[in-house]
Amino acid sequence: MNIPNQHIDVPLLREKGVTLHIKREDTIHPQISGNKYRKLKYNLLEAQKLGHETLLTFGGAFSNHIAAVACAGHEQGFNTVGVIRGEELQDKWQDNPTLALAHDHGMRFHFVSRSDYRQKSEAGFLLILKEAFGDFYLLPEGGTNALAVKGCEEIVTEADSNFDYICSSVGTGGTLAGLINSAKPHQTVLGFPALKGDFLKQDIHTFVRNDQWKLMTDFHFGGYAKVSEELIHFINIFKEETGVPLDPIYTGKLLFGIFELAKQDFFPKGTHILAIHTGGLQGIAGMNTVLKKKNLPLLDI
């Protein structure tokens, strides 16, 4: 699979002597794009091999993973079940662009309270789900497991060996783990978490084979799905200047962070950076509904 690396030529980077390319993983598939495609690739093969007919997974109201599993299941002939965090969504999911997309692709929903949702890894809770939905292939929240990491190891190829830094947004850590495992000895992998804190370090350590990586934890904008007018403005200007759309949950924060680090001279002159576009653009419509209610500027679509 030949994914293009798009050169980002803007005055700030030229002034700092830094070269930035974006690997356009968002162009892999119109609905199963970016890291979600990579994470599902070997899991779907395993589900088929084991003879499963149903995929079951977990996610929140605007989850890229929920949307991707629904679309992939529809395309490859699986039934899909989404265990959705938040009982309040049960009577108004039709107004949610992500859940409406998943439903249109055949996903059945099971809405649970936030306290029940926290039991998603417990055997007793999974047994209740099996009694309700029958046998299923379990995909964890966010899709991260060993097979997902294997898929994400294929993002960076030999053609990318000239880059000094590989940068990616971080949700559950599976994508970053795959990038770390496939990085060359001279390359450093930087992860930009969308969640507040650095608690993901241990999760990532369980999957990786080297220590050439670091989490940049200052660009979460307050936590998961938190945004500001500054971030919205950055995303809209970035798209206008480069033609590259970014989502506000992951890739917007990633590129904002890279630009801020460049301003701070974090990257030496002559540095070549590869940023991974992990997709997630389906979430823009949902975020705009939230922004509209708060009378904040909207993201360009």
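For the chain, the name recorded in an unreviewed UniProt entry is 1-aminocyclopropane-1-carboxylate deaminase, with Flagellimonas olearia as its organism. Quoted verbatim from the Cofactor (unreviewed entry) heading of the UniProt record, the comment on the chain is "pyridoxal 5'-phosphate". You can read under Sequence similarities (unreviewed entry) in the UniProt record for the chain the words "Belongs to the ACC deaminase/D-cysteine desulfhydrase family."

Below, the discussion takes up the UniProt feature "modified residue: N6-(pyridoxal phosphate)lysine" (unreviewed entry) in the chain. Following the UniProt record, one finds the feature "modified residue: N6-(pyridoxal phosphate)lysine" (unreviewed entry) at Lys36. Relative to the elements of secondary structure, Lys36 occurs in helix H2 (residues 34-49). A relative accessible area of 12% places Lys36 in the buried class. Residues contacting Lys36, with those up to four places away along its chain left out, are Asn64, His65, Ala68 and Gly142.

For the chain, the assigned domains are domain 1 (5-31 + 156-294) and domain 2 (53-135). The C-alpha centroid of domain 2 is placed 27 Å from the C-alpha centroid of domain 1. In this assembly, ten residues from domain 1 lie in contact with ten residues from domain 2. The contact between domain 1 and domain 2 buries some 800 Å² in all, and 53% of this surface belongs to carbon and sulfur atoms. Inspection of the region where domain 1 meets domain 2 yields zero salt bridges.

The rules behind each value
- Residues numbered from 1 in each chain as written.
- Predicted model: local features only at pLDDT ≥ 70, side-chain atom pairs only at ≥ 80, totals over all residues.
- Heavy atoms only, no water.
- UniProt positions renumbered as here; feature names shortened; annotations may be inferred.
- Helix = DSSP H or I, 4+ residues; strand = E, 2+ residues; numbered from the N terminus.
- Buried < 20%, exposed > 50% of the residue type's maximum accessible area, 1.4 Å probe, protein only.
- Contact = heavy atoms within 4.5 Å.
- Domains from an automatic or database assignment.
- Buried area = accessible area lost by both parts, 1.4 Å probe.
- Salt bridge = Lys/Arg side-chain N within 4 Å of Asp/Glu carboxyl O.

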